[in-house]
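Coordinates in review
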Amino acid sequence: QVQLVESGGGLVQAGGSLRLSCAASGRTFSSYAMGWFRQAPGKEREFVAAISWSGGSTLYADSVKGRFTISRDNAKNTVSLQMNSLKPEDTAVYYCAANFGSIVTNQYAYVYWGQGTQVTVSS
């Protein structure tokens, strides 16, 4: 069992930066690939970024590539999402999630989910 708690969301102006963190409980955190997803009002939840259990492989949605960076610290059981050059269309609730396998974009492959943190980007 893994419990995930996101933090770091907030209100920021377009062009600004935020860093989201996800703290995980459980001794097997390093066994999981981790992902970040987001859901804007009235839209489906979508993939943002993912990182392998070792941190050696990452995957990004085209919409955030070059602006967002995912990282993890297995010693601290945390995964982070550094978000730069934020745009109003990045406004959403951001969720971190864990899955047993390789990094994938499919949300249904992820077993554990956090409650989400709100990110609002003003124009």
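Look up a bit, the structure's there.
Quick caveat: nothing in here was measured; it's all calculated off a predicted structure.

Some details on the pattern of salt bridges
- The final tally for this structure, using the stated rule, is four salt bridges.
- Measuring nitrogen to oxygen at the nearest pair gives 2.9 Å for the salt bridge that ties Arg-38 to Asp-90. Here Arg-38 is found in strand 4 (residues 33–39), whereas its partner Asp-90 is found in the loop between strand 8 (78–83) and strand 9 (92–99), with 52 residues between them in sequence.
- For Arg-38, a relative accessible area of 6% puts it in the buried group.
- For Asp-90, a relative accessible area of 1% puts it in the buried group.
- For the salt bridge of Lys-65 with Asp-62, the shortest nitrogen-to-oxygen distance reads 3.1 Å. This pair shows no difference in class: Lys-65 is exposed, exactly as Asp-62 is.

What to know about the sheet that holds strand 8
- An order of 1-3-8-7 is seen for the four strands of this open sheet, with the pairing classed as antiparallel. The strands lining the two open edges of the sheet, one partner per strand, are strand 1 (4–7) and strand 7 (68–73). Across the sheet, the axes of successive neighbouring strands diverge by a mean angle of 15 degrees, strand direction being ignored.
- In the sheet, strand 1 pairs with strand 3 (residues 18–24) via four bridges, with the strands oriented antiparallel.

A closer look at unusual backbone geometry
- With phi around 55 degrees, Asn-77 is a residue other than glycine that occupies positive phi space.
- We note that Ser-85 has phi near 50 degrees; this positive angle belongs to a residue other than glycine.
- Checked against the element boundaries, Ser-85 lands in the loop between strand 8 and strand 9.

With respect to the environment of Ala-24
- Its location among the elements puts Ala-24 in strand 3.
- Counting along the chain gives 24 residues from Ala-24 to Val-48, while the straight-line C-alpha distance between them is 19 Å.
- Every residue in contact with Ala-24, bar those within four places of it in the chain, is listed here: Val-2, Gln-3, Leu-4, Phe-29 and Asn-77.

Brief notes about the state of the cysteines
- Going through the model one piece at a time under the given rule, you end up with one disulfide.
- Note on cysteine connectivity: Cys-22 is disulfide-linked to Cys-96, with sulfurs 1.9 Å apart. Judged by the sign of its S-S torsion, about 45 degrees, the cystine formed by Cys-22 and Cys-96 is right-handed. One end of the pair, Cys-22, is in strand 3; the other, Cys-96, is in strand 9, and 74 residues separate them in sequence.
- Classification of Cys-22 as buried rests on a relative accessible area of 0%.

Brief notes about the nonpolar core
- One finds Leu-4, Met-34, Trp-36, Leu-81, Met-83 and Tyr-94 to be the most contacted residues of the largest nonpolar core, which totals 38 residues.
- Secondary structure elements with two or more residues in this core: strand 3, strand 4, strand 5 (46–51), strand 7, strand 8, strand 9 and strand 11 (117–122).
- Discounting chain neighbours no more than four positions away, the residues touching Met-83 are Gly-16, Ser-17, Leu-18, Leu-20, Arg-67, Phe-68, Tyr-94 and Val-119.

Basis of the calculations
Residues numbered from 1 in each chain as written. Predicted model: local features only at pLDDT ≥ 70, side-chain atom pairs only at ≥ 80, totals over all residues. Heavy atoms only, no water. Salt bridge = Lys/Arg side-chain N within 4 Å of Asp/Glu carboxyl O. Helix = DSSP H or I, 4+ residues; strand = E, 2+ residues; numbered from the N terminus. Buried < 20%, exposed > 50% of the residue type's maximum accessible area, 1.4 Å probe, protein only. Pairing = 2+ DSSP bridges. Axes fitted to C-alpha atoms, helices over the stretch in contact; angles between N-to-C directions. Contact = heavy atoms within 4.5 Å. Disulfide = S-S within 2.5 Å. Core = buried A, V, L, I, M, F, W, Y, C linked by side-chain atoms within 4.5 Å.

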